[in-house]
Amino acid sequence: MADAKVIPFDDDRSRGSAQRAARRRPTGGTSRRKADPGGMREMPVSPLPAQQPVLKASDAPDPEPPVQPPAERGGGWDRRIAGGLAFLRRRITGDYEVDEFGYDEDLTDQVLMSMVRPLYEKYFRVEVKGIENIPSDGGALVVANHSGTLPLDGLMMQVAVHDNHPAGRHLRLLAADLVFMLPVVNELARKAGHTLACSEDAERLLQRGEVVGVMPEGFKGIGKPFSDRYKLQRFGRGGFVSTALRAGAPIVPCSIVGAEEIYPMIGNAKTLARLLGFPYFPITPTFPWLGPLGAVPLPTKWTIQFGEPIPTDGYPPEAAEDPMLMFNLTDQVREQIQHTLYKLLVQRRSVFF
């Protein structure tokens, strides 16, 4: 009998057979025999979960910024309602302040500006330039041209400063005596921060660090005929310059284009104006012929540009009493406003667009 051939045990070959057998098993898991009173059956055993790699702090992805809800993103209705309820609570409890001139900042921000803003944004579509020329702090005197038959340009300038200045400054306008003689207009003007156009009030506001607005043309500016549009009238005796000199506040020239055409004034009923106690009674192509409908302003396109400030803090205290210096500064401000008006008119494509 021939000797049996001994085949040596090959670990690699056996390992390969075991691996092939393992590949033929189902991937859902291995099976074990488990005793069961009802008989022997196979119970599936779930495979062990794969070990997750340990992440370092530097390998972690950057956290995504939190998504703001629509109410916070666009100032939704719930936010507006909450602000309105908070405003009503402050009014009921008296948790608001009114300064010595009658200015109610809370009422102005929440109500009065909201009433005028649609006219500013949607109707006249005001474009603002050079708002950065108004200082971020301290007093400043804004001097602007006046036009439009009704003083809407002052309100639009006030909204322009309130809504566009990066420091959130408020413009305190100096108004004529007639404004404070009208019953309802008087209260609204005081609440909005307007005060009488006198040097004493203006100087006190400037020394308190407020931005004060003045239109030296007065009724001569808003009551001039349409044929004299964008031609500046006389700036009075230069009282605003002496006020700025005494307070050491810079003078910021402001030019407004678009207000001249809202009520084209083609006539003035002087007799009727004297009977009513008005400085003039305008006659336009639509008023008084169309009645109340004729009082609707034309939807012109406005541009308000604030020029470079003219410093006044370098003059001695007695400079406010120098008539020649006041005349020169007044003429400088007037010429700068007039030059900017002509420049904006050349750049304007249309009165309404």
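Once a new chain begins, its residue numbering starts again from 1 and follows that chain's sequence as written. Predicted model: local features are reported for residues with pLDDT of at least 70 only, side-chain atom pairs are reported and counted for 80 or more only, and whole-chain, interface and lining totals are derived from all residues. To get the side-chain values, take all heavy atoms of the structure and skip hydrogens and water.

Named according to an unreviewed UniProt entry, the chain is Lysophospholipid acyltransferase family protein originating from Streptomyces achmelvichensis.

1. Section: the overall build of the chain
Put simply, DSSP marks the helices as runs of H or I at least four residues long and the strands as runs of E at least two long, and each gets a number from the N terminus on. Looking only at helices and strands, the chain features eleven helices and eleven strands. Exposure categories follow from relative accessible area, calculated using a 1.4 Å probe and restricted to protein chains: below 20% of the type maximum is buried, above 50% is exposed, and the middle band is partly exposed. Split into buried and exposed, the 353 residues of the chain put 38% on the buried side. For the chain, contacts bridging at least 24 residues in sequence account for 73% of all contacts bridging at least 6. In this description, accessible areas are obtained by the Shrake-Rupley approach with a 1.4 Å probe, and a residue is regarded as covered only by the protein chains that are shown. Per element, the accessible surface of the chain, about 22000 Å² overall, is 58% carbon and sulfur. Here, two residues are considered to be in contact whenever any of their heavy atoms come within 4.5 Å of each other.

2. Here we look at the packing of aromatic side chains
For any pair of aromatic rings, the description rests on two quantities: the centre-to-centre distance and the angle between the ring planes. Classification of ring pairs uses Phe, Tyr and Trp, with its six-membered ring standing for Trp, and accepts pairs whose centres are within 6.5 Å; under 30 degrees between planes counts as stacked, over 60 as edge-to-face, and the remaining range as tilted. Taken as a whole and assessed by the stated rule, the structure comprises four aromatic pairs. Between the aromatic rings of Tyr123 and Phe124, the centroid separation amounts to 5.2 Å while the plane-to-plane angle is 75°, which identifies the pairing as edge-to-face. Since its relative accessible area comes to 26%, Tyr123 is described here as partly exposed. Classification of Phe124 as buried rests on a relative accessible area of 0%. Consider the rings of Phe235 and Phe240, whose centres lie 6.1 Å apart with planes at 75°: the pair is edge-to-face. By relative accessible area, which is 9% here, Phe240 ends up buried. One aromatic cluster is present, formed by Tyr123, Phe124 and Trp302 through successive ring pairs. For the cation-ring pair, Arg80 lies above Trp77, with the distance from its terminal atom to the ring centre recorded as 5.0 Å. Charge-over-ring placement is defined geometrically: NZ (Lys) or CZ (Arg) within 6 Å of the ring centre, and within 35 degrees of the ring normal. For the cation-ring pair, Arg190 lies above Phe180, with the distance from its terminal atom to the ring centre recorded as 4.5 Å.

3. A closer look at the environment of Cys254
If you trace the backbone, Cys254 turns up in strand 8 (residues 251–257). With a relative accessible area of 0%, Cys254 lands in the buried category. Distance from Cys254 to Asn145, taken between C-alpha atoms, is 7.0 Å for residues 109 residues apart in sequence. For Cys254, the contacting residues outside a window of four places in its chain are Val142, Val143, Ala144, Asn145, Met157, Ile304, Gln305, Phe306 and Ile337.

4. Quick notes on the pattern of salt bridges
We define a salt bridge as a side-chain nitrogen of Lys or Arg found within 4 Å of a carboxyl oxygen belonging to Asp or Glu. By the definition in use, this model includes 15 salt bridges. Where Arg91 meets Asp106, a salt bridge forms, and the shortest distance between an N and an O atom there is 3.8 Å. In this pair, Arg91 sits in helix 3 (residues 77–93) while Asp106 sits in helix 4 (residues 105–123), placing the two residues 15 residues apart along the sequence. Residue classification places Asp106 among the buried residues on the basis of a relative accessible area of 16%. Two residues, Lys224 and Glu260, come together in a salt bridge whose shortest N-O distance is 3.0 Å. With a gap of 36 residues between them, Lys224 in the loop between helix 8 (219–222) and helix 9 (239–247) and Glu260 in the loop between strand 8 and strand 9 (267–268) connect regions that are remote in the sequence. The class for Glu260 is buried, based on a relative accessible area of 7%. Three or more residues joined by partner-sharing salt bridges are found here, namely Asp99, Glu100, Arg172, Asp201, Arg204, Arg208 and Glu210.

5. Things to note about the side chain of Glu261
Locating Glu261 in the fold gives a position in the loop between strand 8 and strand 9. Counted as a polar contact is a pair of N or O atoms within 3.5 Å, where, for protein atoms, one must be capable of donating a hydrogen and the other of accepting one, and residues adjacent in sequence contribute only when both atoms are in side chains. Of note is the side chain of Glu261, whose polar atom sits 2.9 Å from the side chain of Tyr230. Not counting residues up to four positions away in its chain, the partners in contact with Glu261 are Phe226, Arg229, Tyr230, Leu298, Thr300, Arg348 and Val351.

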